[in-house]
Amino acid sequence: MNLYPLESTDPAAPLAPADWTMDLGADAKGDNYYFADVKRRGKHVCRLSLAGAVSSEDEARRLLATKARSWIHDYLSRPVSGD
């Protein structure tokens, strides 16, 4: 539930570990451009974006949470290098 309130009911991507969070932002001009800052333990790791026909902020949050969960799963499955 750290990325989206209904995360456990959305089967589109694996669940994110509890130490990952997401902050939603939007283009101030109202051009249907949303972004998610994905963080691990409060530290910024990446930014994902969504542009186009999005009907609401909640829909953008849901879509970006699904995208973030897939990204996190891919990120955690990569080989580790360095600290």
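Here we summarise the structure given alongside this text. (Residues numbered from 1 in each chain as written. Predicted model: local features only at pLDDT ≥ 70, side-chain atom pairs only at ≥ 80, totals over all residues. Heavy atoms only, no water.)

## What about the sheet that holds strand β3 (residues 43–51)?
And step 1. Taken together, the three strands give an open sheet; going across it, the order is β1-β2-β3, and neighbouring strands pair in antiparallel fashion. Strands at the two margins of the open sheet, each flanked by one partner only, are β1 (20–26) and β3. In this sheet, adjacent strand axes meet at a mean angle of 20° when their direction is disregarded.
And step 2. Pairing between β1 and strand β2 (residues 33–40): seven bridges, direction antiparallel. Bridging from a neighbouring strand, L24 pairs with A36 of β2. (Pairing = 2+ DSSP bridges. Helix = DSSP H or I, 4+ residues; strand = E, 2+ residues; numbered from the N terminus. Axes fitted to C-alpha atoms, helices over the stretch in contact; angles between N-to-C directions.)

## Details of the side chain of D37
And step 1. Relative to the helices and strands, D37 is located in strand β2.
And step 2. In this structure D37 comes out as buried when scored by relative accessible area, which is 14%.
And step 3. One polar contact links D37 to H44, side chain to side chain, over a distance of 3.3 Å.
And step 4. Discounting chain neighbours no more than four positions away, the residues touching D37 are T21, M22, D23, H44, C46 and R47. (Buried < 20%, exposed > 50% of the residue type's maximum accessible area, 1.4 Å probe, protein only. Polar contact = N/O pair within 3.5 Å; in protein donor to acceptor, adjacent residues only side chain to side chain. Contact = heavy atoms within 4.5 Å.)

## So, the pairing of β2
And step 1. Taken together, the eight bridges between β2 and β3 define a ladder with antiparallel strand orientation. For V38, the partnering residue across the bridge sits in β3 and is C46.
And step 2. Between the end of β2 and the start of β3, which pair antiparallel, lie two residues, with R41 showing a positive phi angle near 55°.

## Some points on helix α1 (residues 57–77)
And step 1. In this model α1 runs 30 Å from its N-terminal to its C-terminal C-alpha over 21 residues, within 8% of the 30 Å that 1.5 Å per residue would give.
And step 2. Of all the residues in α1, the buried ones are A60, L64, A65, T66, A68, R69 and I72.
And step 3. Buried residues along α1 sit against β1, β2 and β3. (Expected span 1.5 Å × (residues − 1).)

## A word on the environment of L24
And step 1. You can see L24 is positioned in strand β1.
And step 2. Given the relative accessible area of 22%, L24 is considered partly exposed.
And step 3. For L24, the contacting residues outside a window of four places in its chain are Y34, F35, E57, R61 and L64.

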